[in-house]
Amino acid sequence: MRVKICGITQPQQSLAIANLGATALGFICVPTSPRYVTIEQIQAAVAPLPDHIDKIGVFANSSILQISETVQTSNLTGVQLHGDETPEFCDQLRQILPNIEIIKALRVRNLQQLETTANYIDYVDTLLLDAYHPQQLGGTGKTLDWEMLQAYKPSRPWFLAGGLTPDNILTALSQIHPDGIDLSSGVERSPGDKDLDKVELLFARLKSV
Ligand SMILES: O=C(O)c1ccccc1NCC(=O)[C@H](O)[C@H](O)COP(=O)(O)O
């Protein structure tokens, strides 16, 4: 299973988290986020990482130009679209960045919204389901309604996100079977400052899955 740790801000934590078992690291390119990182910070965090680690830039309602410039200058391998990007936008981005993984994040609060994820299937590589929050786009620590996701089987790989922690991860995975999981605030001391003990505990617990 893929495990993405999101909201990395400190270059020295990036390799440490990869060495603990993360398969993907996420860098927040949303200026309003407390986890926002500049292109220079992403470059420093990405530089020591081995090739097999996915390096994902997280954007929300950015322009195609902004995204493609950041991807190219930061050596990212994927983008996560965490705003209100349409399927058409994902399609256009695919034309510009054909070899980059496109992950569409959807903030889901009910079954009707869950069904709209089908609109993206033809235009993205991966889906990511996050919790809805009225003021914040991501990193909220809020969990989704896991019961609603028990029968969710899209024809694209998908990540479960939203309020996952070392303490609730096994409960979540006993109920639902995503292709990957994404954690941010559940393995932090404060926004952007990852707690390596919590990350280690997470991977120790995942060994039993
Ligand atoms: O983390 C942020 O601050 C953020 C801000 C704006 C858009 C997206 C953001 N994070 C996206 C992520 O991938 C988080 O990992 C995801 O929302 C889960 O967060 P958490 O509930 O804290 O595990």
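To keep things clear, this report deals only with the structure shown in the data block. (Residues numbered from 1 in each chain as written. Predicted model: local features only at pLDDT ≥ 70, side-chain atom pairs only at ≥ 80, totals over all residues. Heavy atoms only, no water.)

Secondary structure assignment for the chain yields 7 helices and 10 strands. Its C-alpha atoms give the chain a radius of gyration of 16 Å, near enough to 17 Å, the size a compact globule of 209 residues would have. Projected onto its principal axes, the C-alpha positions of the chain cover 40 × 40 × 30 Å. Residues classed as buried in the chain amount to 53% of the 209 residues present. Considering only contacts in the chain between residues 6 or more positions apart, those separated by 24 or more positions represent 56%. Here the chain contributes 16 positively and 23 negatively charged side chains, and the mean placements of these two sets differ by 4 Å. (Helix = DSSP H or I, 4+ residues; strand = E, 2+ residues; numbered from the N terminus. Rg over C-alpha atoms; globule rule 2.2 N^0.38 Å. Buried < 20%, exposed > 50% of the residue type's maximum accessible area, 1.4 Å probe, protein only. Contact = heavy atoms within 4.5 Å. Lys, Arg positive; Asp, Glu negative; His and termini not counted. Charge placed at Lys NZ, Arg CZ, Asp CG, Glu CD.)

Our focus in this paragraph is the sheet that holds strand β7 (residues 158-160). Read around the closed barrel, 8 strands run β1-β2-β3-β4-β5-β6-β7-β8, paired in parallel fashion. Between one strand axis and the next, the sheet turns through 25° on average, direction left out of account. Here β7 pairs with strand β8 (residues 180-183) via 2 bridges, running parallel. Along β8, the bridge assignment pairs phenylalanine 159 with glycine 180. (Pairing = 2+ DSSP bridges. Axes fitted to C-alpha atoms, helices over the stretch in contact; angles between N-to-C directions.)

Our focus in this paragraph is the site of the ligand. The environment of the ligand is formed by 21 residues, the closest being Ser33, Asp130, Gly163, Asp182 and Ser185. The separation between an oxygen atom of the ligand and a polar main-chain atom of serine 184 is 3.0 Å. For the ligand, an oxygen atom lies 2.5 Å from a polar atom in the side chain of serine 185. Look at the ligand: alone it shows 520 Å² of surface, and the protein chains cover 98% of it. Breaking the shell around the ligand down by element, the ones donating at least two residues are β1 (2-6) and β8. Across the shell around the ligand, the residue classes break down as 6 nonpolar, 11 polar and 4 charged. (Near = heavy atom within 4 Å. Polar contact = N/O pair within 3.5 Å; in protein donor to acceptor, adjacent residues only side chain to side chain. Areas by Shrake-Rupley, 256 points an atom, 1.4 Å probe, with all protein chains shown as cover. Nonpolar A, V, L, I, M, F, W, Y, C, P; charged D, E, K, R; others polar.)

The next subject is helix α3 (residues 64-74). Helical geometry: 3.6 residues make up each α-helical turn, so side chains three or four residues apart lie on a common side. Turning to α3, its buried residues number three or more, namely Ile64, Ile67, Ser68, Thr70, Val71 and Ser74. Down the axis of α3, the buried side of the element spans an arc of 160°, and every buried residue falls inside it. Away from the buried face of α3 by more than 90 degrees, exposed residues Leu65 and Gln72 are located. Against the buried residues of α3 lie α2 (39-46), β3 (54-59), β4 (78-81) and α4 (87-96). A positive phi of about 60° marks asparagine 75, the residue just after α3. (Arc of directions from axis to C-beta.)

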